[in-house]
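Coordinate inspection notes
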Amino acid sequence: MISPRTLVLGGGLSGLLAAWHLRRQGREVDLWEASPAVGGWVQTLPWPGPAGEAGFVERGPQALRVGHGTALERLLGELRLGLHPTSPKGPRWIGKEGRRHTSPASLAGLLRAPGLGLGGKLRMLTEPFIPAGDGPEETLHSFFARRLGVGFARELLPALVAGVLAAPSERLGMDMLPRLRELEGRGGLLLGGLRAGRERSRVPVGGTGALPWALAAQLGCVHTNRAARGLESLPGGRWRIHGDGLTSEAEAVALALPARSAAELLRPVAPGSAQILETIPQLDLRVWHSRHAKVKGWERDISLLVHPPEGRGLLGAVSLQAEDPRGVPGLLQVRTYVGGAFPVEPEVETWSGVLRELRRWLPELPEPVQVREEHCPAAFPLLEPGHGTRVARLLSDLPPNLHWVGAARFGPGLPDLAEGIEGWTRSLSI
Ligand SMILES: Cc1cc2nc3c(=O)[nH]c(=O)nc-3n(C[C@H](O)[C@H](O)[C@H](O)COP(=O)(O)OP(=O)(O)OC[C@H]3O[C@@H](n4cnc5c(N)ncnc54)[C@H](O)[C@@H]3O)c2cc1C
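Keep in mind that this is a model prediction, so the values were computed, not measured.

Scoring rules and cut-offs
Residues numbered from 1 in each chain as written. Predicted model: local features only at pLDDT ≥ 70, side-chain atom pairs only at ≥ 80, totals over all residues. Heavy atoms only, no water. Pairing = 2+ DSSP bridges. Helix = DSSP H or I, 4+ residues; strand = E, 2+ residues; numbered from the N terminus. Domains from an automatic or database assignment. Contact = heavy atoms within 4.5 Å. Buried area = accessible area lost by both parts, 1.4 Å probe. Salt bridge = Lys/Arg side-chain N within 4 Å of Asp/Glu carboxyl O. Polar contact = N/O pair within 3.5 Å; in protein donor to acceptor, adjacent residues only side chain to side chain. 1 Å grid on protein atoms, 1.4 Å probe; cavity = no way out; pocket = protein on both sides within 12 Å on 5 of 7 lines; lining within 4 Å. Points joined across faces, edges and corners; volume = space filled by probe spheres on them. Nonpolar A, V, L, I, M, F, W, Y, C, P; charged D, E, K, R; others polar. Buried < 20%, exposed > 50% of the residue type's maximum accessible area, 1.4 Å probe, protein only. Arc of directions from axis to C-beta. Core = buried A, V, L, I, M, F, W, Y, C linked by side-chain atoms within 4.5 Å. Phe/Tyr/Trp six-rings, centres within 6.5 Å; stacked < 30°, edge-to-face > 60°. Lys NZ or Arg CZ within 6 Å of the ring centre and 35° of its normal.

**Examining the pairing of strand β11 (residues 230–233)**
As paired elements, β11 and strand β12 (residues 239–242) share 4 bridges and run antiparallel to each other. Paired with G230 across the strands is H242, a residue of β12. The antiparallel pairing of β11 with β12 creates a hairpin that spans 5 residues between the two strands, and G236 there sits at a positive phi of about 80°.

**Some thoughts on the domain arrangement of the chain**
Domain assignment breaks the chain into domain 1 (5–41 + 206–281 + 383–427) and domain 2 (107–129 + 136–199). Look at where the C-alpha atoms of domain 1 and domain 2 centre, and you get two points 32 Å apart. Domain 1 puts 11 residues into the contact, and the matching count from domain 2 is 12 residues. Taking both sides of the interface into account, the surface hidden between domain 1 and domain 2 amounts to around 900 Å²; carbon and sulfur atoms contribute 53%. The largest contributions to the domain 1 side of the interface with domain 2 come from L383, P385 and D416, which together make up 51% of the buried area. When the shortest N-O distance is used, the salt bridge between E384 and R171 registers 3.6 Å. At the junction of domain 1 with domain 2, the criterion picks out 2 residue pairs in polar contact (both at pLDDT 80 or more).

**Overview of the layout of surface pockets**
In this structure, the second largest pocket encloses a volume near 420 Å³. Lining the second largest pocket are 22 residues; nearest its centre among them are R179, E182, P415, D416 and E419. Listing elements by their share of the lining of the second largest pocket, those giving two or more residues are α8 (179–185), α14 (387–396), α15 (407–410) and α16 (414–427). When residues in the lining of the second largest pocket are grouped by element, the largest group, 4 residues, is from α16. Partitioned by chemical class, the residues of the lining of the second largest pocket number 5 nonpolar, 8 polar and 9 charged. Counting contributing residues per domain, the lining of the second largest pocket is built from domain 1 (5–41 + 206–281 + 383–427) and domain 2 (107–129 + 136–199), each supplying no fewer than three.

**What to know about α14**
Those residues of α14 not exposed but buried are H387, V391 and L394. On an axial view of α14, the arc spanned by its buried residues comes to 60°, and they lie on one face. The inward-facing, buried residues of α14 abut α12 (271–278), β20 (402–404) and α15.

**Quick word on the nonpolar core**
Of all hydrophobic cores here, the largest spans 63 residues; its most connected members are L9, L231, I241, L255, L277 and W404. Setting aside chain neighbours within four positions, we find L277 in contact with A259, A262, A263, L266, L394 and W404. Within the second largest apolar cluster, 36 residues are counted, among which are L72, L79, L211 and F410.

**What about the pattern of salt bridges?**
For the structure on display, the rule yields 32 salt bridges. Notably, a salt bridge pairs R100 with E364, separated by 2.6 Å at the nearest N-O pair. On the criterion of sequence distance, the pair formed by R100 in strand β8 (residues 99–102) and E364 in the loop between α13 (351–361) and β19 (368–381) is long-range, its members being 264 residues apart. Residue R100 is classed as partly exposed on the basis of its relative accessible area, which comes to 22%. Ionic pairing is found between E182 and R186, a salt bridge with its closest N-O pair at 2.7 Å. R186 gets classed as partly exposed once you look at its relative accessible area, which sits at 34%. Salt bridges linked by common partners bring E127, E138, R146, R147, R181 and E184 together as one network.

**Concerning empty space enclosed by the protein**
Following the criterion strictly, the structure yields 1 cavity of 30 Å³ or more and no others. Forming the walls of the largest cavity are 13 residues, and the residues nearest its centre are L320, Q321, A322, L331 and L332.

**Overview of the packing of aromatic side chains**
Counted according to the given criterion, the structure contains 4 aromatic pairs. A centroid spacing of 5.6 Å and a plane angle of 45° characterise the contact between W288 and W351, whose relative ring orientation is tilted. Pair noted here: W288 is in strand β15 (residues 282–293) and W351 is in helix α13, with a separation of 63 residues, a long-range link. The rings of F143, F144 and F152 are connected pair by pair, giving a single aromatic cluster. Cation over ring: R100 sits above W93, and NZ or CZ is 4.0 Å from the ring centre.

**Let's talk about the side chain of H292**
Here H292 is to be found in strand β15. Judged by relative accessible area, H292 falls into the buried class, the value being 0%. Side-chain polar atoms of H292 contact the side chain of S290, separated by 2.7 Å. Once you skip the residues sitting within four places of it in the chain, H292 turns out to touch L331, L332, V334, L355, L365, P366, E367, P368 and V369.

The structure is reproduced here in structure tokens:
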């Protein structure tokens, strides 16, 4: 049971969503965010153009994937955020065997998929007849091998997973993408995906950072520059929270923090939970943003995902559409992902090396007129097989009125976070 006065720690999307839903249930909520701005990874940062023109980069997601009937769709509707549709899409490629191929995410790409013979392609079409599995220890690799065949899992999946989740599919558990299990339950990836309807890519007016801003503005109980430094248990199940030079008391506390920060606060009051949080690996990602002269045919945006380890640490790159208001008119804006769980070879450590590697796959790419690096330490948690069991142990070790939500619990994707946090608040008894 969570009592009426709740303090949420962390003003990333998880904390803001937790506070939003608790408030809608009529609870009194306060939120502390350590940094000067809300949003955590979801922030749209100014990046003026070469002549000082207005321009922006996204610290984290560049767009929101909004499925019909999902928690994210409900949230966006309730907030009445202005949204840009981002389709139609430009070319999608995977980089493999030294050259780029049309992405197998489209039918044309699938028919021409590299390394997958006719047998492998026909095997994929049997997917609707494969029964649902129930193995809690299944990896993304074994899930896709079971459903779409070993050919797909070996030849195509590595690029698709590395470019999105920055880790090898053999290391990732199903909790990294909880929606896959749901699709499997609806008749498989192909039929379930069709029934669920296509997800649409949306960008709030002002960038994805407009989403946390809207939540914070409507909540009105968000305190930035306020880091939680310690938790103290009080009689009657209450909590005292220590910040820098101030303390607060609450009936309940919800930790909406990255796993390591949550572990630090939990160590003195829930050492078992803290220990489990400390074992969750965190992925460091390097993101390079660059602006170039326009390339003909790339106006609708591009996406490249590289089959590891062929990129030597470079995982992929995406661009903004030519008319995207976050870009600078007349320039192509690209962002390139490096690292994650993959070793980065020394020559891809610097921008000149990244550009050289990028041009192996995108030889048309002109010299940049502007470059900016955003290092993202602990960008995502890496949820290994069996993660669900560890989460259950962690939760059972938490003292009363202490809650934990966030990417390491519900998966790092914003649609999964929105779904997970909406479900969590619904499960609390008043
Ligand atoms: C480069 C990149 C690209 C991404 N792309 C996508 C994408 O395309 N699609 C998608 O769905 N997801 C994407 N993600 C993942 C998604 O952005 C994150 O999983 C999600 O934003 C995590 O939100 P969070 O609130 O759980 O954590 P965070 O965003 O890490 O927020 C945690 C907050 O807690 C605060 N905090 C930490 N310690 C304390 C303390 N002691 N007291 C108070 N506050 C504290 C931090 O300052 C921070 O604001 C991407 C992430 C990155 C880094």
